[in-house]
Amino acid sequence: MHTTDLRVAEDLITGGVARIEGGLRLGSETKTENADALSVDIPLSILGHDGDEAVTLAAGSYVGQVKIILSNTNNTVTCTPSALAGASTTIATTNIGEVYILIWGGAAWFIASRCGGGNAAANAVLTMPVLA
């Protein structure tokens, strides 16, 4: 694997926005075991469990840190973050293609997005990661 440090040159920044051409490649990990801990240092975690199992997520390292969790299994995988903003304490995926994005707010993970993986009729949502 080839790794390159990203150094943003001043000529790439316009109005406080950096332009990235050629795509953005995130580091990823695949988790398959019950009670696995998701890395807070790797932005993308892929869930590939072979049964109904659970994972954990520790506190973030800095405010604004983004964590993406993608389900590659039709089994229920329940994630328990160290702290989740709001009334929920867990997030569960049950279908291939379900995704949720979390952002660390300093004291808890905030849910920025939940996406379903199943096909549904027009203007309908078939599946979404479940908050509990």
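The sections below set out a description of the structure shown in this document. Since we're looking at a predicted model, the values are computed, not measured.

Scanning the protein chain from terminus to terminus reveals zero helices and twelve strands. Listing every helix and strand of the protein chain by position from the N terminus yields β-β-β-β-β-β-β-β-β-β-β-β. Expressed as a percentage of its 132 residues, the buried residues of the protein chain come to 30%. For the protein chain, restricting intrachain contacts to residue pairs at least 6 apart in sequence, the fraction spanning at least 24 positions comes to 44%. Summing over all exposed atoms, the protein chain offers an accessible surface of approximately 7900 Å²; the carbon and sulfur share of this is 54%.

Taken together, Ile20, Leu24 and Leu26 make up a surface patch of nonpolar side chains, about 300 Å² in accessible area. Counting through the fold element by element, Leu26 comes out in the loop between strand E2 (17-18) and strand E3 (28-31).

This paragraph deals with the sheet that holds strand E10 (residues 99-104). Taken in spatial order, the five strands make up an open sheet running E3-E5-E7-E10-E11, and their pairing is mixed. Two strands in the sheet have a free side with no partner beyond their single neighbour: E3 and strand E11 (109-115). Averaged over all pairs of adjacent strands, the angle between strand axes in this sheet comes to 20°, irrespective of strand direction. Where strand E5 (residues 44-47) lies against strand E7 (residues 66-71), four bridges are found, and the strand directions are parallel. Within E7, the residue paired with Leu47 across the bridge is Ser71.

Examined against the element boundaries, Ile101 turns out to sit in strand E10. As for Ile101 and Lys67, which are separated by 34 residues in sequence, their C-alpha atoms are 5.8 Å apart. Residues within four places of Ile101 in sequence aside, it is in contact with Val66, Lys67, Ile68, Phe110, Ile111, Ala112 and Ser113.

We now examine the nonpolar core. Within the largest apolar cluster, 14 residues are counted, with the highest numbers of intra-cluster contacts made by Leu38, Leu57, Leu102 and Trp109. Every element with two or more residues in this core is listed here: strand E6 (53-57), strand E8 (77-81) and E10. Take this core: its biggest share by element is three residues, from E10.

The next subject is the pattern of salt bridges. Counted by the stated rule, this structure contains two salt bridges. For Glu29, the salt bridge identified is with Lys31, shortest N-O distance 3.8 Å. For Glu29, a relative accessible area of 11% puts it in the buried group. Ionic pairing is found between Glu29 and Lys67, a salt bridge with its closest N-O pair at 3.6 Å. Within this pair, whereas Glu29 is found in strand E3, its partner Lys67 is found in strand E7, the two being separated by 38 residues in sequence.

This paragraph deals with the sheet that holds E6. Spatially, E4-E6-E8-E9-E12 is the arrangement adopted by the five strands of the open sheet, whose pairing is mixed. On the outer flanks of this sheet lie strand E4 (36-38) and strand E12 (130-131), each paired with one strand and no other.

Rules behind the numbers
Residues numbered from 1 in each chain as written. Predicted model: local features only at pLDDT ≥ 70, side-chain atom pairs only at ≥ 80, totals over all residues. Heavy atoms only, no water. Helix = DSSP H or I, 4+ residues; strand = E, 2+ residues; numbered from the N terminus. Buried < 20%, exposed > 50% of the residue type's maximum accessible area, 1.4 Å probe, protein only. Contact = heavy atoms within 4.5 Å. Areas by Shrake-Rupley, 256 points an atom, 1.4 Å probe, with all protein chains shown as cover. Patch = residues over 30% accessible without salt bridge, like charges linked within 9 Å, V, L, I, M, F, W, Y side chains within 5 Å. Salt bridge = Lys/Arg side-chain N within 4 Å of Asp/Glu carboxyl O. Pairing = 2+ DSSP bridges. Axes fitted to C-alpha atoms, helices over the stretch in contact; angles between N-to-C directions. Core = buried A, V, L, I, M, F, W, Y, C linked by side-chain atoms within 4.5 Å.

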